[in-house]
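Chains, contacts and geometry: an overview
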Amino acid sequence: MAQAVEVQSTTVQPAGQVRRRKGSPWTGLWAVVAKEMADHLSSVRMQILEVLILLTAVGTVYAVMQGVRQSVGQDPFIFLRLFTTAREPLPAFIGFLSFLVPLIAISMSFDAVNGEFNRRTMSRVLAQPIYRDALLMGKFLAGFFTLALVLAAIWLLVMGMGILGLGLPPSGEEVARSLIFLVATIFYGGIWLALGLVFSVIFRQPATAALGALAVWLFFTIFWGMLTSLLARLISPVTYGTAQELLRQIEWEQALSRISPNTLYVEATLGILNPAIRSFGILLPSQLEGAIVGAPLPLSQSLMLMWPQLTGLIAATILLFALAYVLFQRQEIRA
Amino acid sequence: MSVVTASSRTPPTKTQGEAVIETSQLTKRYGKFTAVDNLNLTVHRGEVFGLLGPNGAGKTTTILMLLGLTEPTSGSVRVLGFDPSREPLDVKARVGYLPDAIGFYDELTARENLAYIARLNGLPHAEAAKRIPAAIERMGLGEVIDHPVATFSRGMRQRLGVAELLLKQPEIIIMDEPTLGLDPEAAHNFLGMILQLKHEGITILLSSHLLHQVQQVCDRVGLFSNGRMMISGTVAELAQRVLRGGYRITVQASGPADAIQRALLALPGVQKIEQTRPETFVIHGAHDLRADAAGAVVNAGGRLYGLDIEAPSLDEIYSVYFKEATNGAGS
């Protein structure tokens, strides 16, 4: 007892001194990343989704090639058409991606944290000399890298099929544009990955977390589009029918719809994959003065056009991850 | 003992008996609920210390604070001279933890599970490749080293958990309810293993509510209730304090019952005498009274047939102590 009192007197902090943690929060990060990535790549659920995305890639690209073969030589961006052209009855490949990528991302993260609790491995892992930061960051990065790996493989596959099917190599600009598209797709997945992570921290049941994340995804995929026009009418009603009023309402609708990651993603991909697109909003005749309709924009201009959407996707990913991080740091470890 | 200040970062030298875990006025509150209340605990190097108490008494919370997995509300903790809430990595690199409900990644093999832990501990690959099979072998799981953990029984998982501790080569091992859910033989083997670890010089802190098991291995115990450590010491010390001895001597003797009873009652250290059957007396005493009792029976003109002693048990100390504590609180 006397010893205990003595120790206390030596550990009293001087007033105002910041209590800092010692050691790097990233100790053990790469061990977690390696283990989680191995889990993802060998898990059955990932393999099913990978096969699914592979089939859609092969199917849509093959269908598109049947149609565009005639225009080889006339269209300078024929490789980009492989991603964007829809051919009945199949939608365009980017259409498939915009709903398959969230599924893959959510399936990787919805049981990331609560799964550790349920398997009762959490306290054992955190009793090792690592911080919680490394565990959560490692799980996120592993999902992110897996996503990047899978999507890069699909990208290479599409390009390869294009070279074989069309009989000519892609131009430098086509490669650059489709690579930016790849980055946008990865971050679009990152949003859903981080969202799944948030739900996996909040809910102890993986099923609840999965349903929660899928509900958000469904909401933005199906219902948000309907709601935005309603909300825009409420916020900025058209009473006199003037052009300004109509314009303001449309602007509101557009701004609201961009809350949805799906809108951001579709706009970003169209902006970069379709060089003819000069604006996502309505174009007034005055803005089109002197423009050659249908003439492609240079890469830098297309990039500038989709830049807000791309940064929006990246920012949403970071914000959601930060939320998961804060929630996880405050969570009690005892199950 | 060494005084640890911000400048001296090296852990204290390894001498037997020095304090390796110390808490002072350690308190943890969850809202209004106080899980741990002004705990002062000292565990010395090389001893086996048992934290005993009913479920929900604050044992697991205490353990989590020792490992830096939960921030104390107030008070201080020192583990091997480190502060677990500020230097958790230093603590966790030297302390092994066996949680009460131990879980592994079911789809991975025993070897893969430990390999992950080795990587998290920053063990070099070559070293891990040597230590992992050795640890698993030692725990008798050599034949199933490459089987997925999903096929393991509760006892095997427990042993794999200990293999993980051996892999880390810790100075302190903290076990939370280690024998819970094990069959009697497995529990017995497990206790033997704890003693082995103790002989290797590892300090062990274990929590349990299975008192008779704890009694077999612990050097000292502390009784926990409602977040407070009520009393602590060796089992004999606690018996002195709580039961004022706690020895129970059964005397079988024929002869004048009244005279025998009077003679026994006159012995120093006797607290109470019960006559359970016509010729059987049970003496409650502060120490081993067998020799005195035998003499007293003979002197009182009785014939002695049997003399039996029952040493104090932790179960008894526990139930008597908490009965007194609740009675005291009620009045």
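Residues numbered from 1 in each chain as written. Chains lettered and ligands numbered in written order. Predicted model: local features only at pLDDT ≥ 70, side-chain atom pairs only at ≥ 80, totals over all residues. Heavy atoms only, no water.

All right, on to the overall build of chain A then. Across its full length, chain A holds 13 helices and 0 strands. Reading chain A from its N end, one meets helices and strands in the order α-α-α-α-α-α-α-α-α-α-α-α-α. Viewed in the frame of its principal axes, chain A has a C-alpha envelope of about 90 × 55 × 35 Å. Counting only residues that meet the buried cut, chain A has 47% of its 335 residues in that class. (Helix = DSSP H or I, 4+ residues; strand = E, 2+ residues; numbered from the N terminus. Buried < 20%, exposed > 50% of the residue type's maximum accessible area, 1.4 Å probe, protein only.)

Our next topic: the overall build of chain B. In terms of regular secondary structure, chain B is built from 11 helices and 13 strands. In terms of overall dimensions, chain B has a C-alpha envelope of 80 × 45 × 40 Å along the principal axes. Within chain B, contacts between residues at least 6 apart in sequence are counted, and of these 69% link residues at least 24 apart. Counting only carbon and sulfur atoms, one obtains 51% of the accessible surface of chain B, whose full area is about 14,100 Å². Measuring between centres, the 32 positive side-chain charges of chain B sit 4 Å from its 35 negative side-chain charges. (Contact = heavy atoms within 4.5 Å. Areas by Shrake-Rupley, 256 points an atom, 1.4 Å probe, with all protein chains shown as cover. Lys, Arg positive; Asp, Glu negative; His and termini not counted. Charge placed at Lys NZ, Arg CZ, Asp CG, Glu CD.)

Once that is clear, we can look at the side chain of B:R131. Residues and elements named next belong to chain B. Structurally, R131 can be placed in helix α4 (residues 125–138). By relative accessible area, R131 is classed as buried at 18%. With sequence-adjacent residues up to four places away left out, R131 is seen in contact with L123, L167, K168 and Q169.

Before going further, it helps to examine the pattern of salt bridges. Residues and elements named next belong to chain B. Scanning the entire structure with this criterion turns up 25 salt bridges over all chains. Between E18 and R45 there is a salt bridge, with its nearest N and O atoms 3.0 Å apart. Here E18 is found in the segment before β1 (19–30), whereas its partner R45 is found in the loop between β2 (33–44) and β3 (48–52), with 27 residues between them in sequence. Since its relative accessible area comes to 12%, E18 is described here as buried. Judged by its relative accessible area of 9%, R45 is buried. Residues R111 and D146 are paired through a salt bridge, measuring 3.0 Å at the closest nitrogen-oxygen approach. (Salt bridge = Lys/Arg side-chain N within 4 Å of Asp/Glu carboxyl O.)

With that settled, consider the confidence of the model for chain A. Residue and element names in this part refer to chain A. Per-residue confidence for chain A gives a mean pLDDT of 87; residues scoring 70 or more make up 94%. Summarising per-element confidence for chain A, the mean pLDDT is lowest in helix α1 (residues 2–11) (38) and highest in helix α9 (residues 172–202) (95). The low-confidence segment residues 1–17, where pLDDT is below 50, has 24 contacts with residues more than four positions distant or belonging to other chains. (pLDDT = per-residue confidence, 0-100.)

Now for the interface of chain B and chain A. On the side of chain A, 40 residues touch chain B, which itself brings 49 residues to the contact. Summing the contributions of chain B and of chain A, the shared interface buries around 3,900 Å²; its carbon and sulfur component is 56%. The salt bridge partner of A:R124 is B:E164, with a shortest N-O separation of 2.3 Å. One can count 14 residue pairs in polar contact (both at pLDDT 80 or more) joining chain B with chain A. (Buried area = accessible area lost by both parts, 1.4 Å probe. Polar contact = N/O pair within 3.5 Å; in protein donor to acceptor, adjacent residues only side chain to side chain.)

The next subject is the packing of α9(A) against helix α13 (residues 299–330) of chain A. All names here are of chain A. Interhelical geometry of α9 versus α13 gives an angle of 20° and a closest axis separation of 8 Å. The pairing of α9 with α13 is recorded here as roughly parallel in orientation. As for how α9 packs across α13, the hand of that crossing is left-handed. Classifying every residue of the contact of α9 with α13 by side-chain character gives 25 nonpolar, 3 polar and 2 charged. (Axes fitted to C-alpha atoms, helices over the stretch in contact; angles between N-to-C directions. Parallel < 35°, antiparallel > 145°, perpendicular 65-115°, else oblique. Left-handed = near helix turned anticlockwise from the far one by under 90°. Nonpolar A, V, L, I, M, F, W, Y, C, P; charged D, E, K, R; others polar.)

Turning to the sheet that holds β2(B), a few remarks are in order. Sheets are built from strands paired through backbone hydrogen bonds, the pairs being either parallel or antiparallel. Residues and elements named next belong to chain B. Reading across the sheet, the 3 strands line up as β2-β1-β4 and stay open at both edges, with antiparallel pairing between neighbours. Both edges of this open sheet fall to β2 and β4 (74–79), since each of them pairs with a single strand only. Strand-to-strand twist in this sheet, taken as the mean axis angle between neighbours without regard to direction, amounts to 15°. (Pairing = 2+ DSSP bridges.)

Residue and element names in this part refer to chain A. At a minimum axis distance of 7 Å, the contact between helix α5 (residues 93–109) and α9 shows a crossing angle of 35°. For the pair α5 and α9, the sense of crossing is right-handed. On the side of α5, the interface is formed by I94, L97, S98, V101, P102, A105, I106, M108 and S109, while α9 contributes F181, T185, Y188, G189, W192, L193, G196, L197 and S200. Among the residues making up the contact of α5 with α9, the classes are represented as 12 nonpolar, 6 polar and no charged.

All right, on to the packing of aromatic side chains then. Residues and elements named next belong to chain A. Taken as a whole, this structure holds 15 aromatic pairs over all chains when the rule is applied. Aromatic side chains F140 and F144 sit 5.8 Å apart centroid to centroid with 25° between the ring planes, which places their arrangement in the stacked category. In this pair, F140 and F144 both sit in helix α8 (residues 132–166), 4 residues apart, roughly one turn of the helix. We note that F140, like F144, is buried. Note on F219 and W224: the rings are 5.7 Å apart at their centroids and 45° apart in plane angle, and the pair reads as tilted. For F219, a relative accessible area of 30% puts it in the partly exposed group. With relative accessibility at 10%, the residue W224 sits in the buried group. (Phe/Tyr/Trp six-rings, centres within 6.5 Å; stacked < 30°, edge-to-face > 60°.)

Note: strand β11 (residues 270–277) of chain B against strand β12 (residues 280–285) of chain B, 6 bridges, orientation antiparallel. Across the sheet, B:E274 pairs through a bridge with B:V282, a residue of β12(B).

With that settled, consider the pairing of strand β10 (residues 247–254) of chain B. Residue and element names in this part refer to chain B. Relative to β12, β10 runs antiparallel, the two sharing 6 bridges. When the sheet's bridge partners are listed, R248 is paired in β12 with H284. Inspection of the sheet shows β10 paired to strand β13 (residues 303–310) by 7 bridges, in the antiparallel sense. Note that in β13 the partner of T250 across the bridge is D308.

Next up on the list: helix α11 (residues 243–257) of chain A. Over its 15 residues, α11(A) runs 21 Å from end to end, which matches the ideal 21 Å to within 8%, given 1.5 Å per residue. Residues of α11(A) that are buried in the fold lie against α10 (206–235) and α12 (261–273) of chain A. (Expected span 1.5 Å × (residues − 1).)

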